Each structure stands twice: as C-alpha cells, then as structure tokens.
Amino acid sequence: MKYPCSVLKFCVLEKYRIIFFILSLGFFNIGIAQELPPRIQFSEIFETPIGMSGMNYSPKILALDGQWIEIIGYMIRDESTSQAGEFLLSFRPLNLHTHSDGQADDLPAATVMVQLDTEHQDWRIPYQSRLLKLNGFLKLGRYESKDGRVVWIRLQLTSDALRSLSPFESFN
C-alpha cells in the first residue's frame, strides 16, 4: 500500500514530536528545573525608615523566618580567635578588633550570624575576603553566641553548604 507524500511527512514529524516530548519529560524530572530559594538583601532585613519603636524586621523577612533562603555577603574578619562552628556575615567587608574594642564594635544591625550544622560545630572556617553566596535556614530573634555576642539574625547551614565555603569553589 502506498501512502501519499503528505501523510508520510506528517507521520515522520509526529514521531519526532513524540520523541522530543518524552525526552523533555526526562530532562525536567531529573531536577534541572529546581525552584531557587528566595534571595534576601541586607537592606531588606529591617524596615526603613526606623520608627519611634526602634528597628523592626521587614514583613518580607518575617514571612521567611524558618525557611530556606539565599544571601550574599562578606565574611567579617575577626582578629581574635574566631568561635568554632560560626562566623559573621555583612553586606560589606569589615574587620573586628575585639582585643582592643571588646564587644563595643560598630557592626551593622543587619549582621548575620552564620552557624554550621551540628556535624561541623567544631570546625573553624578560615577568613575569606570574597563574596559568599550562602543557602540556609533563616532564624530571627535574640541569640547569644558562645563568646557572649548577641545577634538578631542567624543563618543555619546544612552539611552540604560547606562546599560553597571552599576557597577552591567559584562564586556564581
């Protein structure tokens, strides 16, 4: 039985469409099209302008409390012995002089305490001068660190997040 040319062309095109459709399903099911965590900026942490009641968290940050987020910032250099399992993150490069100033430093209010996961609480992360892109769980509220420093914003990292802190990994 002979088919007209137009029917054969249609069958061939339809066959390729089906193959493309099946391949595209496999492509999206392997996790390439993952949803990205919301990225927060340091300027979005507190409401501006500051009102009569002092500094208040912004509605965006309050909505993200306890959720997986992304933040980009600089590790704060602490000239004293840094605490194991945690470090500070800021919107700009800063140096702490705790040996001369103690806790009387000029850190921005939006400084974030980055905490390592429980498996790596005894690790000390060496200072890095480059921008760091970190993903973790946002925690709001008063927290007193091991050295007595009080912070109001924390980022709890997971064990796989430590890879981004490697100086051999590039910033994306």
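Every chain is numbered independently, its residues counted from 1 as its sequence is written. Local features in a predicted model are, by the rule used here, given only for residues with pLDDT of at least 70; side-chain atom pairs are given and counted only at 80 or more, and totals for whole chains, interfaces and linings are based on all residues. Derived side-chain values reflect all non-hydrogen atoms in the structure, with water molecules and hydrogen atoms excluded from consideration.

1. Looking at the overall build of the chain
What the chain contains, in helices and strands, is 3 helices and 8 strands. Along the chain, helices (α) and strands (β) appear in the sequence α-β-α-β-β-β-β-α-β-β-β when read from the amino end. When the 172 residues of the chain are sorted by exposure, 32% land in the buried category. Contact between two residues is taken to exist if any of their heavy atoms lie within 4.5 Å; hydrogens are not considered. Long-range pairs, those at least 24 residues apart, make up 66% of the contacts in the chain between residues at least 6 apart in sequence. Throughout, the Shrake-Rupley method with a 1.4 Å probe supplies accessible areas, and for residues the shown protein chains are the sole cover considered. Accessible area of the chain: about 11,500 Å², with a carbon and sulfur share of 58%. Strands are runs of DSSP state E lasting at least two residues, helices are runs of H or I lasting at least four, and both sets are numbered from the N terminus onward. The cut-offs for exposure are 20% and 50% of the maximum accessible area for each residue type, with area from a 1.4 Å probe on protein chains only; residues under the lower value are buried, those over the upper are exposed, and the others partly exposed.

2. Let's talk about the environment of G66
Relative to the assigned elements, G66 resides in the loop between helix 2 (59–64) and strand 2 (68–75). On the accessibility criterion, G66 (45% relative accessible area) is partly exposed. Separated by 72 residues in sequence, G66 and L138 place their C-alpha atoms 5.1 Å apart. Sequence-distant contacts of G66, that is, excluding residues within four places in its chain, are made with F137 and L138.

3. Some details on the environment of G73
Summarising the element assignment, G73 is placed in strand 2. Each C-alpha atom, one on G73 and one on L132, is 5.5 Å from the other, the two residues being 59 residues apart in sequence.

4. Quick word on the pairing of strand 7 (residues 131–144)
DSSP bridges decide pairing: two strands pair if at least two such bridges lie between them. Relative to strand 7, strand 2 is paired through 7 bridges, and the arrangement is antiparallel. Each residue of the ladder has a partner; that of G73, found in strand 7, is L132. Sheet analysis places strand 7 next to strand 8 (residues 150–156), joined by 6 bridges and oriented antiparallel. In the strand pairing of strand 8, L140 is matched with I153. Between the antiparallel neighbours strand 7 and strand 8 lie 5 residues, among them G148 with a positive phi of about 95 degrees.

5. Observations regarding the packing of aromatic side chains
Only Phe, Tyr and Trp rings are paired, with Trp represented by its six-membered ring, and only when their centres lie within 6.5 Å; those with planes under 30 degrees apart are stacked, over 60 edge-to-face, the remainder tilted. What the rule picks out here adds up to 3 aromatic pairs. Note on F42 and F91: the rings are 6.3 Å apart at their centroids and 55 degrees apart in plane angle, and the pair reads as tilted. Residue F42 is found in the loop between strand 1 (39–40) and helix 2, and its partner F91 is found in the loop between strand 4 (86–90) and strand 5 (95–96); the two are separated by 49 residues along the sequence. A relative accessible area of 9% means that F42 is categorised as buried. Under the relative-accessibility criterion, F91 is labelled partly exposed at 45%.

6. Points about the side chain of S58
Along the chain, the position of S58 falls in the loop between strand 1 and helix 2. Here S58 falls in the buried class, since its relative accessible area comes to 8%. One polar contact links the side chain of S58 to the main-chain carbonyl oxygen of E44, over a distance of 2.5 Å. When neighbours within four sequence positions are excluded, S58 is seen to be in contact with E44, I45, F46 and E47. In the analysis that follows, any N or O atom pair within 3.5 Å is treated as a polar contact, provided that within protein one partner can donate a hydrogen and the other can accept it, and provided that, for residues neighboring in sequence, both atoms belong to side chains.

So yeah, pure geometry; function would need other evidence.
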